[in-house]
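Structural description and commentary
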Amino acid sequence: MILEHAILPVRAGAASDFEAAFAAARPLIAAQPGFRSLRLSRSVETPQHYLLLVEWDSVAAHTEGFRESAAYEEWKGLLHHFYEPFPVVEHFVPVDVDGARAESSSGDTATPAHAAIAPEGV
């Protein structure tokens with residue numbers, strides 16, 4: 001499992017429109033192969049910032065699957081004009097903190113512990 005993380009800085013005064021657009025965009029990502037779950041949260045301290053967390057089967061499910069799909073073009077059209085500046089996206093793997101090995105995070109696999117994605121990554 002991979003966790004995609006992005007802080008989405010939404011233009012001032014656009015929060016309501018962004019949230020409505022995100023509700024329309026959510027089914028586009030949810031229908032993608034390798035998608036597991038999505039959570040969008042709004043910052044208490046910085047209300048124009050949203051935290052996007054998406055669980056994927058793999059980094060490739062996001063970067064090669066979703067980002068190369070027609071659905072991603074729709075996603076971009078609905079959401080990307082709200083961001084100022086454009087968000088940075090990173091991917092994370094679970095870390096074994098309970099003594100039960102979750103997934104490899106040692107860095108010796110083809111999937112890094114985190115990987116920054118270029119500006120079109122959300």
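The notes below deal with the structure included here. Note that the structure is predicted; figures quoted are calculated from it, not measured. (Residues numbered from 1 in each chain as written. Predicted model: local features only at pLDDT ≥ 70, side-chain atom pairs only at ≥ 80, totals over all residues. Heavy atoms only, no water.)

Pairing within the open sheet is antiparallel, and its four strands lie in the order E2-E3-E1-E4. Sheet topology places strand E2 (35-42) and strand E4 (89-92) at the edges, where each strand pairs with a single neighbour. Here the strands of the sheet are splayed against their neighbours by 20 degrees on average, with no regard to which way each runs. Where strand E1 (residues 2-9) meets strand E3 (residues 49-56), eight bridges bridge the pair, whose relative direction is antiparallel. Across the sheet, residue Leu 8 finds its bridge partner in E3, namely Tyr 50. Lying over the sheet, helix H1 (residues 15-30) contacts E1, E2 and E3, oriented at roughly 175 degrees with respect to E2. Docked against the sheet, helix H2 (residues 59-66) engages E1, E3 and E4, running at close to 145 degrees with respect to E4. (Pairing = 2+ DSSP bridges. Helix = DSSP H or I, 4+ residues; strand = E, 2+ residues; numbered from the N terminus. Axes fitted to C-alpha atoms, helices over the stretch in contact; angles between N-to-C directions. Contact = heavy atoms within 4.5 Å.)

Moving on, we come to H1. With 16 residues, H1 should reach 22 Å at 1.5 Å per residue; the first-to-last C-alpha distance of 22 Å fits that figure. When the local axis directions of H1 are compared, the greatest deviation, roughly 35 degrees, occurs at Ala 24, which is followed within four positions by the proline Pro 27. Looking only at H1, the buried set comprises Ala 15, Phe 18, Ala 21, Phe 22, Ala 25, Leu 28 and Ile 29. (Expected span 1.5 Å × (residues − 1). Bend = angle between axes of the 7 residues up to and from the residue. Buried < 20%, exposed > 50% of the residue type's maximum accessible area, 1.4 Å probe, protein only.)

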